[in-house]
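These are the residues of each chain, in order.
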Amino acid sequence: MAWLRLTKTALYLMKSGDACYVDKVNLTGEKRNQVRIPTKWFTGNDAPGAMVIEDIEPPACSISGGSPSTPTTRPLTGKKVVLDPGHGEDGDKGAISGGRTEAGETLKQARLIQGILQARGASVTIVENTRNLSLDQIGALGAGADCFVSVHLNSFNQTVQGHEVLIDRNGTDADLRFATAISQELDRSLDIPNRGVKRQGLAVLRAVPLPVPAVLVESFFLDATPTNQVDEWIQKSAQAIARGIEQFLT
Ligand SMILES: [Zn+2]
């Protein structure tokens, strides 16, 4: 799936699974507030399916379609991140609200995080949530990574709202530092209660092999979020989680 990147100066059509762009529209003056997306970007099989707003100009893809040219700053080069979008559309969809499923929204969120971190040089694996893996099998896929992040959305009584970051009951100091970095970034990005960092017995985190730092993020309560606000909050929380990951790894 191709994706879009909006910076202060241009809208980029980003290559599927890569951090380089294949086409762009420069933004000038009044166009900043109303960006026209070229219709040709939506023809063919690889139409953009997500957009990241981040003020980092990406490199152009090389003409051969191979590796992108080296950008100036890629602080996460060499870092491996495993993202686990909670639940799966084929089985347990998790929280459901207003026609949105936790599984669908966390997959979007994971792809946004992946796009941001890849642009910063990291290699990012998203655990496919269509394979009906057990929580133990999912956690085990964190082996060899620099960090493991399971992304979920909460649900309770359509009133309670807030973000929280969970570590395993026997979580390490590194888990705690990692969770705190993400929690602080979520607090800066979302104007909802900070429910803090908590320890809980969580099978998926327990299955991540030591010493890989592992956290589970509940960005907000899906059932207490107006439907028309979900996309914005998914975007903001994805950016916050990506910043927290970068801070922790650098
Ligand atoms: Zn969940």
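Draft legend 1. Layout of the overall build of the chain. The number of helices and strands found in the chain is five helices and 12 strands. Taking 250 residues into account, the globule formula puts the C-alpha radius of gyration at 18 Å, and the chain, at 18 Å, falls close to it. Viewed in the frame of its principal axes, the chain has a C-alpha envelope of about 50 × 40 × 35 Å. Residues counted as buried form 51% of the 250 residues belonging to the chain. For the chain, the accessible area works out to roughly 12000 Å², and carbon and sulfur atoms hold 49% of it. Of the side-chain charges in the chain, 26 are positive and 28 negative, and the distance between the mean point of each set is 5 Å.

Draft legend 2. Broad picture of the sheet that holds strand β11 (residues 194-200). Pairing is mixed in the open sheet, where six strands are placed in the order β8-β5-β9-β12-β10-β11. In this open sheet, the two edge strands, each paired with only one partner strand, are β8 (123-126) and β11. Between one strand axis and the next, the sheet turns by 20° as a mean value, whatever way the strands run. Two strands pair when backbone bridges link them, and strand β5 (residues 80-85) and β8 are joined in this way by four bridges, in the parallel orientation. Paired with Leu 83 across the strands is Ile 126, a residue of β8.

Draft legend 3. Representation of the domain arrangement of the chain. Domain annotation of the chain identifies domain 1 (2-53) and domain 2 (80-249). Domain 1 and domain 2 are separated by 26 Å when their C-alpha centres are compared. Facing nine residues of domain 1, the contacting portion of domain 2 comprises seven residues. At the boundary of domain 1 and domain 2, one finds two residue pairs in polar contact (both at pLDDT 80 or more). Secondary-structure elements contributing two or more residues to the side of domain 1 that touches domain 2 are β1 (2-6) and β4 (48-53). In terms of residue class, the side of domain 1 that touches domain 2 is made up of six nonpolar, one polar and two charged.

Draft legend 4. Region of interest: the coordination of the zinc ion. Around the zinc ion, the protein supplies His 87 (NE2), Glu 102 (OE) and His 152 (ND1) as donor atoms, at distances of 2.0 to 2.2 Å. Mapped onto the sequence, the residues coordinating the zinc ion show the spacing H-x14-E-x49-H. Here the residue Glu 102 occupies a position in helix α1 (residues 102-119), and His 152 occupies one in strand β9 (residues 147-154), the gap between them amounting to 50 residues. The exposure class of Glu 102 is buried, given its relative accessible area of 4%.

Draft legend 5. Representation of helix α5 (residues 230-249) within the structure. Counted at 1.5 Å a residue, the expected span for α5 with its 20 residues is 28 Å, and the 28 Å between its end C-alpha atoms agrees. Burial within α5 is extensive, with 15 of its 20 residues counted as buried.

Draft legend 6. How the structure looks around the side chain of Asp 84. Summarising the element assignment, Asp 84 is placed in strand β5. In terms of polar contacts, Asp 84 uses its side chain to reach the side chain of Ser 150, at 2.8 Å. With residues up to four places along the chain from it excluded, the contact list for Asp 84 reads Val 127, Ile 138, Phe 148, Val 149, Ser 150, Val 151 and Val 204.

Draft legend 7. Molecular detail of the pattern of salt bridges. Taken as a whole and judged by the stated rule, the model has 11 salt bridges. Glu 105 is the salt-bridge partner of Lys 108, the closest N and O atoms lying 3.1 Å from each other. Pair noted here: Lys 108 and Glu 105 are both in helix α1, with a separation of three residues, about one helical turn. Residue Lys 108 pairs with Asp 231 through a salt bridge whose shortest N-O separation is 3.8 Å. Residue Lys 108 is located in helix α1, and its partner Asp 231 is located in helix α5; the two are separated by 123 residues in the primary sequence. Look at the salt bridges and you will find they share partners, linking Arg 100, Glu 105, Lys 108 and Asp 231 into a network.

Draft legend 8. Just α1, in detail. In a regular helix each residue adds 1.5 Å, so 18 residues correspond to 26 Å; α1 covers 26 Å between its end C-alpha atoms and thus fits that length. Of all 18 residues that make up α1, 15 are buried, and the element is covered over most of its length.

Criteria and thresholds
- Residues numbered from 1 in each chain as written.
- Predicted model: local features only at pLDDT ≥ 70, side-chain atom pairs only at ≥ 80, totals over all residues.
- Heavy atoms only, no water.
- Helix = DSSP H or I, 4+ residues; strand = E, 2+ residues; numbered from the N terminus.
- Rg over C-alpha atoms; globule rule 2.2 N^0.38 Å.
- Buried < 20%, exposed > 50% of the residue type's maximum accessible area, 1.4 Å probe, protein only.
- Areas by Shrake-Rupley, 256 points an atom, 1.4 Å probe, with all protein chains shown as cover.
- Lys, Arg positive; Asp, Glu negative; His and termini not counted.
- Charge placed at Lys NZ, Arg CZ, Asp CG, Glu CD.
- Pairing = 2+ DSSP bridges.
- Axes fitted to C-alpha atoms, helices over the stretch in contact; angles between N-to-C directions.
- Domains from an automatic or database assignment.
- Contact = heavy atoms within 4.5 Å.
- Polar contact = N/O pair within 3.5 Å; in protein donor to acceptor, adjacent residues only side chain to side chain.
- Nonpolar A, V, L, I, M, F, W, Y, C, P; charged D, E, K, R; others polar.
- Donors = N, O, S within 2.8 Å, 3.2 Å for Na, K, Ca; no water.
- Expected span 1.5 Å × (residues − 1).
- Salt bridge = Lys/Arg side-chain N within 4 Å of Asp/Glu carboxyl O.

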